[in-house]
Amino acid sequence: ANVTALSTTFQRVQNHIGMAIYVRDGELSLDGCNIVGHYSVSNSAIMVMGGKHSKVVNSCFNHNSSQERSGDIEISKTEVFTIKESYFYRHDEHSWGRVGVYGSLKMDIDGITFHSVAHGDPKCSPTNAQTVSQSPLSLSPLHIEGVKEVSVVNLEAQNTAGLQSGAITAVNGGSQSSFTLSKSLMSKCRSENHGGAVSCVNYSNFRIQSCHFHRNQAAKVGGAVYHRCSDSHDGSCETISTGSYFEENTANIEGLAL
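Rules used throughout
- Residues numbered from 1 in each chain as written.
- Predicted model: local features only at pLDDT ≥ 70, side-chain atom pairs only at ≥ 80, totals over all residues.
- Heavy atoms only, no water.
- Helix = DSSP H or I, 4+ residues; strand = E, 2+ residues; numbered from the N terminus.
- Buried < 20%, exposed > 50% of the residue type's maximum accessible area, 1.4 Å probe, protein only.
- Contact = heavy atoms within 4.5 Å.
- Areas by Shrake-Rupley, 256 points an atom, 1.4 Å probe, with all protein chains shown as cover.
- Salt bridge = Lys/Arg side-chain N within 4 Å of Asp/Glu carboxyl O.
- Core = buried A, V, L, I, M, F, W, Y, C linked by side-chain atoms within 4.5 Å.
- Polar contact = N/O pair within 3.5 Å; in protein donor to acceptor, adjacent residues only side chain to side chain.

**What to know about the overall build of the protein chain**
Phase 1 of the analysis: Counting its regular elements, the protein chain contains zero helices and 27 strands.
Phase 2 of the analysis: Out of the 258 residues in the protein chain, the part that is buried amounts to 50%.
Phase 3 of the analysis: For the protein chain, long-range pairs separated by at least 24 residues make up 84% of all intrachain contacts whose partners lie at least 6 apart in sequence.
Phase 4 of the analysis: Accessible surface, the protein chain as shown: approximately 10800 Å² in total, 45% of it carbon and sulfur.

**A few points about the pattern of salt bridges**
Phase 1 of the analysis: If you walk through the whole model with that rule in mind, you get four salt bridges.
Phase 2 of the analysis: For E238, the salt bridge is made with R207, and the minimal N-O distance between the two is 3.8 Å. Of the two residues, E238 is situated in strand 25 (residues 238–242) and R207 in strand 21 (residues 198–209); the sequence distance between them amounts to 31 residues.
Phase 3 of the analysis: Its relative accessible area of 33% is what places R207 among the partly exposed residues.

**Some details on the nonpolar core**
Phase 1 of the analysis: In terms of nonpolar packing, the biggest core is built from 47 residues, with L30, I144, I168, F179, M186 and F213 touching the most fellow members.
Phase 2 of the analysis: Ranked by the residues each element gives to this core, the list is headed by strand 21, at five residues.

**Digging into the side chain of T160**
Phase 1 of the analysis: By secondary structure assignment, the location of T160 is in the loop between strand 16 (149–158) and strand 17 (161–162).
Phase 2 of the analysis: Polar contacts involving the side chain of T160 include one to the main-chain carbonyl oxygen of G166, which spans 2.7 Å.

**Remarks on the environment of N159**
Phase 1 of the analysis: Along the chain, N159 turns up in the loop between strand 16 and strand 17.
Phase 2 of the analysis: Owing to a relative accessible area of 37%, N159 belongs among the partly exposed residues under this scheme.
Phase 3 of the analysis: Setting aside residues no more than four positions away along its own chain, N159 makes contact with S116, S187 and K188.

**Points about unusual backbone geometry**
Phase 1 of the analysis: Here E85, not a glycine, exhibits a phi torsion of approximately 45°, which is positive.
Phase 2 of the analysis: Among the structural elements, E85 can be located in strand 12 (residues 80–90).
Phase 3 of the analysis: The partly exposed category is assigned to E85, whose relative accessible area is 42%.
Phase 4 of the analysis: A positive phi angle, close to 50°, is found at K183, a residue other than glycine.
Phase 5 of the analysis: Residue position: K183 is located in the loop between strand 18 (168–182) and strand 19 (185–187).

Structure (structure tokens):
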């Protein structure tokens, strides 16, 4: 079944565990909604499995968390997934996985924000959601896996962290896959591994256009950005950066910026 929600608030009932929305073999359309304070051990606040095109527009996610998944959204095997003009907040950097997308053909992001804030934000209502659990760092705020074509425009991530990258992790796009990141700001993001802000692994073509990377930190390689292709690729593997600004990024091993 398809699910459409317009200008709706989904807030967890105190002491209850579970998802706000679950869609299987259908499409989700979310516009102008608030998803607040949900907690689950093994599920996200919103989960979509299958379908052709799901989208989230002009919505706010505040203090949702999961011990094993991305706390806000998980999309699996949907052909196309779109997020526009939406906000993702949490008061600390624990359980920081926000959005997870797996096995889709295409993903389009335009105008989303990941922030770590102390008491919510005026864009989110209500702002008094309580955090249920604090888990060790795990997934990046945006985790993309097995998606062939990825476009991220106008993303802002500040004071975020992850076990893989501090803001975006994209893995296993496969041969002739593409990842384009443009007009985005990533500041004070922290990774316990490679790529202080972005880690892109097994994508043939990785393009960075007109982005600003400021004071990001990686425990290993790539203070701002890390890109690696596996030996199984068809020989096409390139990183292209144009018109971008790398400022005061650090890595403990090598590659202060890239």
